[in-house]
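# Fold and geometry: a report
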Amino acid sequence: MAVDPLIELRDVNKHFGQLHVLQHIDLTVDRGEVVVVIGPSGSGKSTLCRAINRLETIESGTIIIDGQALPEEGKALARLRADVGMVFQSFNLFAHKTVLDNVSLGQIKVRGRKKDEAEKRSHRLLERVGLADQAAKYPAQLSGGQQQRVAIARALAMDPKVMLFDEPTSALDPEMINEVLEVMQQLAREGMTMVVVTHEMGFARSAANRVVFMSDGRIIEDRAPDDFFTNPETDRAKDFLSKILKH
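Quick caveat: nothing in here was measured; it's all calculated off a predicted structure.

Okay, the overall build of the chain next. The secondary structure content of the chain amounts to nine helices and 10 strands. Expected size for 247 residues packed as a compact globule is a radius of gyration near 18 Å; at 18 Å, the chain falls within 12% of this value. Across its three principal axes, the chain shows a C-alpha extent of roughly 55 × 45 × 35 Å. Looking at the chain residue by residue over its 247 residues, the buried ones come to 53%. Partitioning the contacts of the chain with sequence separation of at least 6, the portion at a separation of at least 24 is 65%. Accessible area for the chain stands at about 11800 Å²; split by element, carbon and sulfur atoms hold 48% of it. For the chain, the separation between the mean place of its 32 positive charges and that of its 35 negative charges on side chains is 5 Å.

Looking now at the UniProt feature "domain: ABC transporter" (unreviewed entry) in the chain. Sites flagged by UniProt as "domain: ABC transporter" (unreviewed entry) map to residues 7-241. Taken end to end, residues 7-241 comprises 38% helix and 26% strand; its first and last C-alpha atoms sit 27 Å apart.

Attention shifts here to the environment of Leu187. Locating Leu187 in the fold gives a position in helix 6 (residues 174-189). On the basis of relative accessibility, which here comes to 2%, the residue Leu187 falls in the buried class. Leu187 sits 162 residues away from Ile25 along the chain, and the two C-alpha atoms are 26 Å apart. Beyond its immediate stretch of four places on either side in the chain, Leu187 contacts Arg128, Ile152, Leu156, Met163, Phe165, Met192 and Met194.

What the six strands build is an open sheet, ordered 6-7-8-3-9-10; its pairing is mixed. Of all the strands in the sheet, the pair left with one neighbour each is strand 6 (84-87) and strand 10 (218-223). The average undirected angle you get between the axes of adjacent strands in this sheet is 15°. Taken strand by strand, helix 6 contacts strand 3 (34-38), strand 7 (162-166) and strand 8 (193-197), and its axis lies near 145° from that of strand 8.

Once that is clear, we can look at the nonpolar core. Within the largest apolar cluster, 48 residues are counted, with the highest numbers of intra-cluster contacts made by Ile38, Leu126, Ile152, Met163, Phe165, Met184 and Met194. Broken down by element, this core gets its largest block of residues, eight residues, from helix 6. Leaving out residues up to four positions away in the same chain, Ile38 has contacts with Lys45, Thr198, Met201, Val211, Val212, Phe213, Met214, Phe228, Phe229 and Phe240. The next biggest cluster of nonpolar side chains, apart from the first, holds 29 residues, and it includes Leu6, Val12, Val35 and Ile58.

What follows is about the pairing of strand 8. In terms of residue burial, strand 8 counts as a mostly covered element, since five of its five residues are buried. Going residue by residue along strand 8, you find Thr193, Val195 and Val197 tucked away on one face and Met194 and Val196 tucked away on the opposite face as well. In the classification by handedness, the crossover that spans strand 7, the intervening helix 6 and the parallel strand 8 is right-handed.

When its volume is computed, the largest pocket comes out at roughly 580 Å³. When residues of the lining of the largest pocket are traced back to their parent elements, those giving at least two are helix 2 (74-82), strand 6, helix 3 (99-109) and helix 5 (144-156). Tallying contributions element by element places helix 3 first for the lining of the largest pocket, with four residues. Of the residues assigned to the lining of the largest pocket, the class counts are 12 nonpolar, five polar and three charged.

The rules behind these values
- All residue numbers here refer to positions counted from 1 along the written sequence of the relevant chain.
- Where local features are concerned, this predicted model is filtered to residues with pLDDT of at least 70; where side-chain atom pairs are given and counted, the filter is 80 or more; whole-chain, interface and lining totals use all residues.
- With hydrogens and water set aside, each side-chain value is computed from the structure's full complement of heavy atoms.
- What counts as a helix is a DSSP run of H or I of at least four residues, what counts as a strand is a run of E of at least two, and both are numbered from the N terminus.
- Radius of gyration: over C-alpha atoms. The globule rule applied is 2.2 Å multiplied by the number of residues raised to the 0.38 power.
- Exposure is judged per residue with a 1.4 Å probe applied to protein chains only, and the accessible area is read against the type maximum: over 50% gives exposed, under 20% gives buried, and values in between give partly exposed.
- In what follows, residue pairs with any heavy atoms lying within 4.5 Å of each other are defined as contacts.
- All accessible areas in this document rest on Shrake-Rupley with a 1.4 Å probe, and a residue is counted as covered only by the protein chains that are shown.
- Under the convention used here, Asp and Glu are negative, Lys and Arg are positive, and both His and the chain ends fall outside the count.
- To locate a charge, take atom NZ for lysine, CZ for arginine, CG for aspartate or CD for glutamate.
- UniProt positions are given in the numbering used here, feature names are shortened, and annotations may be inferred rather than shown by experiment.
- Strands were regarded as paired on the criterion that DSSP finds at least two bridges between them.
- Whenever a helix is involved, its axis is fitted only over the stretch in contact; in every case the axis is a line through C-alpha atoms, and angles between N-to-C directions fall within 0 to 180 degrees.
- Definition used in this section: a nonpolar core is a set of buried Ala, Val, Leu, Ile, Met, Phe, Trp, Tyr and Cys residues joined via side-chain atoms within 4.5 Å.
- Crossovers are marked right-handed if the path from the first strand over the helix to the second runs clockwise, as seen with the strands pointing away from the viewer.
- A pocket, in this scheme, is an open set of points on a 1 Å grid over the protein atoms alone with protein on both sides within 12 Å along at least 5 of 7 lines, while a cavity is a set where a 1.4 Å probe fits but cannot get out; residues line either one if an atom lies within 4 Å of a point.
- Grid points are joined across faces, edges and corners, and a volume is the space filled by probe spheres set on the points.
- As a working rule, the residues Ala, Val, Leu, Ile, Met, Phe, Trp, Tyr, Cys and Pro are called nonpolar, Asp, Glu, Lys and Arg charged, and the rest polar, with Gly in that last group.

See below:
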């Protein structure tokens, strides 16, 4: 039974043309829970993640964040969206602004913090993601792993209730993946509510409270990581795992 749901999706549907990308999705994420969404390409994982803060609209169903139904648009949506941090595959940093400005901007514009207060907080967060010495640089001067850690700091700067990660490491070189996953592991340990779409099975195993396996727009399994990885219930999940866990 859900203890304290922070995110609820009820019978959510979405089409791209003829393709039914989200089919009757029911999902609850409790406060402090880390839910990792995995599945083959085209299974609807990213669309699900992006629907949670209405970067993708849905056709039917309800999405509730912290007890409030997600508004269609306007100020109320912007307010609710500020509570939902989002980290994308591409880092989406402002190229012409310094790292410090990237992390401070939303705090000033959306949260209404004074510049010096925002910058103080930004410095703290940059330290937390291991980039205290990079504040004056521009994104182009950083590695991909560093840029993604700046993006995480920027999302955290808004004091979100939940963090969404949409394949945060898939654009990174292998040696940079761990530095990003380590920051995410730390957030998980600190009790941040997280929904993570990823191909990193090690992270799913070690950091997730639940693994949600999607295929063809549906949630096929939703279980504890140990159960899922050692004993998948469905042929689809078995097939998926046999392909990715070969090594």
